[in-house]
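Structural overview
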Amino acid sequence: MTEATPQLLFAAMLLFGLLLQTVSQHGPTADKPKEKPNFIIILADDIGWGDLDANQLEERANNTPYLNLMALQGLRMTDFHSPASTCSPSRAAILTGRYGLRNGVTHNFGVNSLAGLPLSEVTLPQLLQKAGYHTAMIGKWHLGHNGLYSPTNRGFDYYLGIPFSNDMGCTDIPGYNLPQCLPCDSYGPQVIRLKRNIHGGCYSRIGLPLIENSSIVEQPLDLWTLTEQYKSAALRIIHNASERGQPYLLYIALAHMHVPLAPPLSPDAPTTDNHPNSGVYAASLRELDSLVGAIKNASDATDRDNTLIWFTGDNGPWEQKCQYAGSVGPFRGKWQTSKGGGSAKQTTWEGGHRVPTVAYWPGRIPANTTSSALLSGMDIFPTVLSLAGVTLPSDRRYDGIDATNILLHGEQLGHEFLFHPNSGAAGRFGDLQTVRNGKHKAFYITGAAEACGGGTGKQQVHDPPLIFDLERDEAEETPLDVKTTEYQVVAERIARRREKLLWDIATDKSVSIADYRTDESAAPCCDLTQTVCRCPRLG
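Residues numbered from 1 in each chain as written. Predicted model: local features only at pLDDT ≥ 70, side-chain atom pairs only at ≥ 80, totals over all residues. Heavy atoms only, no water.

Structural notes on the packing of helix 2 (residues 65-72) against helix 8 (residues 280-303)
Put simply, the rule reads: Every axis corresponds to a line fitted to the C-alpha atoms, with the helix fit spanning only the stretch in contact, and the corresponding angles, defined between N-to-C directions, vary from 0 to 180 degrees. Per the convention used, a helix needs a DSSP run of H or I reaching at least four residues, while a strand needs a run of E reaching at least two, with both numbered from the N terminus. Should an angle fall under 35 degrees it is called roughly parallel, over 145 degrees roughly antiparallel, and 65 to 115 degrees roughly perpendicular, with every other angle called oblique. We call two residues in contact whenever any of their non-hydrogen atoms come within 4.5 Å of each other. Amino acids outside the nonpolar list (Ala, Val, Leu, Ile, Met, Phe, Trp, Tyr, Cys, Pro) and the charged list (Asp, Glu, Lys, Arg) are all regarded as polar, and Gly is one of them.
The geometry of helix 2 relative to helix 8 is characterised by a closest axis approach of 7 Å and an angle of 50° between their N-to-C directions. By the criterion of interaxial angle, the relationship of helix 2 to helix 8 is oblique. When helix 2 is examined against helix 8, the residues Pro65, Tyr66, Leu67 and Met70 are found in contact with a partner set consisting of Asp289, Ser290, Val292, Gly293 and Lys296. When the residues that make up the contact of helix 2 with helix 8 are grouped by side-chain class, the tally is five nonpolar, two polar and two charged.

Structure representation (structure tokens):
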């Protein structure tokens, strides 16, 4: 029997999706289900908009078949953005529905961080927990790992994962990185006493810990078995909640693309100019996709018609990792790359924050649909709470919007204005110096992000701002002429709204301030007497 090609498989899936769309149009349409819905939020680390096959059919890739199927059975959002372009700020905004200038998290927390997401912030799991939900998290937290800042003290009943990024500690068999990190055993006691590291971005002082609830169960953990551990935990959570008849929130934050783990299927795997990552990176992407498929199948088998699965990314590809970075698709930030420097992660160019996003809910979200509404990861917070019948706390201001009508009824009206914070490139952390309004996007500052090869491009302040028309110029290559009427009208409109938001934040009494102090004693360590805190696997 001849093996089906990826193109034939995708064509079959497309036909299946069209049939599903016809069926779904005659399915339930009520806004409120008879019982509280379940929510599975899957957040992929450092994933590019172009990494989802369904976003770039012309590339004929076959790296995300399960996500492609989920898109065909649900809603693909093409203009969805991470709230920030790096890890901690993006996750904080997703879980609070607020910009970093409000929730206090404007840059990443580290291994030695004493604190995390300010305790004054109210999180999505806390509110759902109070509403009777079982709340669980699997994967990368990166919002504080000590005491009251850990996941089980921020609303999660259960947690299994890494408290920060999967390259923020050594392992015995490291994942693929650039530069390549050394195994834990390569570091002697004299190296472990150093404050930071001895090899580029590799953390050498501690073994990477695996934490379950509030206990370290393995240090250093085995990166190569982590996917199976995550899958087992996720399936157990889904099945147990179903047996109890209790609604649940399952938040899964996967770091597969931060430091790719899966080896290429073949040393001779083909590459192209547009997909230089078709070896190691693509294999890791396929493993992530397979995990998503297993989670979807478990959900479908237990409570298919009452579970919303929402897949998205925390920011764009980590460009400086070269062949181990993802694809931004057509959003290349050419104005910046032509002058040196990166235009993906850490930046406010489209490649830094436009992320692949799919929502799936049989019978509620029409199948095989696409939305171009301007949306943000901050919208997950108010949308999920609305669907759960939970009222937003009235003692604070929010920046996310309720996207229920976009998900369920095909409405295309999203944010009128969306602000993108500085996330480690030019300017101060958290400053809202890039603004989207409809098809237009204004930059008040650019540069200072590292590209593959090491170039950063100089920081440039733009007064008047650079303004691009994304409908005509999705690659952000040629800004509008400042002398045109179009430019002047857009610039004035954006400036007014930017000034209004900054004043709103300045007068917001609910603004939090994060504590970014560090201390060596804050690093998670199961045995201080052992090199890299090594301890055996517990349980």
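Quick notes on the sheet that holds strand 14 (residues 432-437)
Test applied: Two strands form a pair only when DSSP identifies at least two bridges running between them.
A sheet is described by the order of its strands in space; here four strands give the open sequence 13-14-15-16, paired in antiparallel fashion. Either end of the sheet is taken by a strand with one partner, and the two such strands are strand 13 (417-421) and strand 16 (460-469). Here the average twist between neighbouring strands, direction ignored, is 20°. Pairing analysis gives four bridges linking strand 14 to strand 15 (residues 440-446), with the strands arranged antiparallel.

Brief notes about the environment of Thr456
Worth spelling out the cut-off: Note on classification: 1.4 Å probe, protein chains only; a residue is buried when its accessible area is under 20% of the maximum for its type, exposed when over 50%, partly exposed between these limits.
Along the chain, Thr456 falls in the loop between strand 15 and strand 16. What makes Thr456 partly exposed here is its relative accessible area of 37%.

Points about helix 11 (residues 380-388)
Among the nine residues of helix 11, eight are classified as buried, and the element is accordingly described as predominantly covered. All buried positions along helix 11 are accounted for by Ile380, Phe381, Pro382, Thr383, Val384, Leu385, Leu387 and Ala388. Where helix 11 is buried, its residues contact strand 1 (38-44), helix 3 (87-96), helix 5 (124-130), strand 9 (307-313), strand 12 (375-376) and helix 12 (404-409). Directly beyond the C-terminal end of helix 11, a positive phi value near 75° is found at Gly389.

Points about the confidence of the model for the protein
The criterion, for reference: As a per-residue quantity, pLDDT reports the predictor's confidence and falls between 0 and 100.
Residue-level pLDDT values for the protein average 89, and 87% of them are 70 or greater. Low pLDDT, under 50, characterises residues 1-6; the predicted model gives this stretch two contacts beyond four residues in sequence or across chains. This stretch, residues 190-199, has a pLDDT under 50; its non-local contacts, to residues over four places away or in other chains, come to 23 contacts.

Quick look at the pairing of strand 14
Of all six residues in strand 14, six are buried; the element is thus mostly enclosed. Pairing between strand 13 and strand 14: five bridges, direction antiparallel. Paired with Leu418 across the strands is Arg436, a residue of strand 14. In textbook terms, the turn of a hairpin is the stretch between consecutive antiparallel strands, and for strand 14 and strand 15 this stretch comprises two residues, one of which, Gly438, has a positive phi near 60°.

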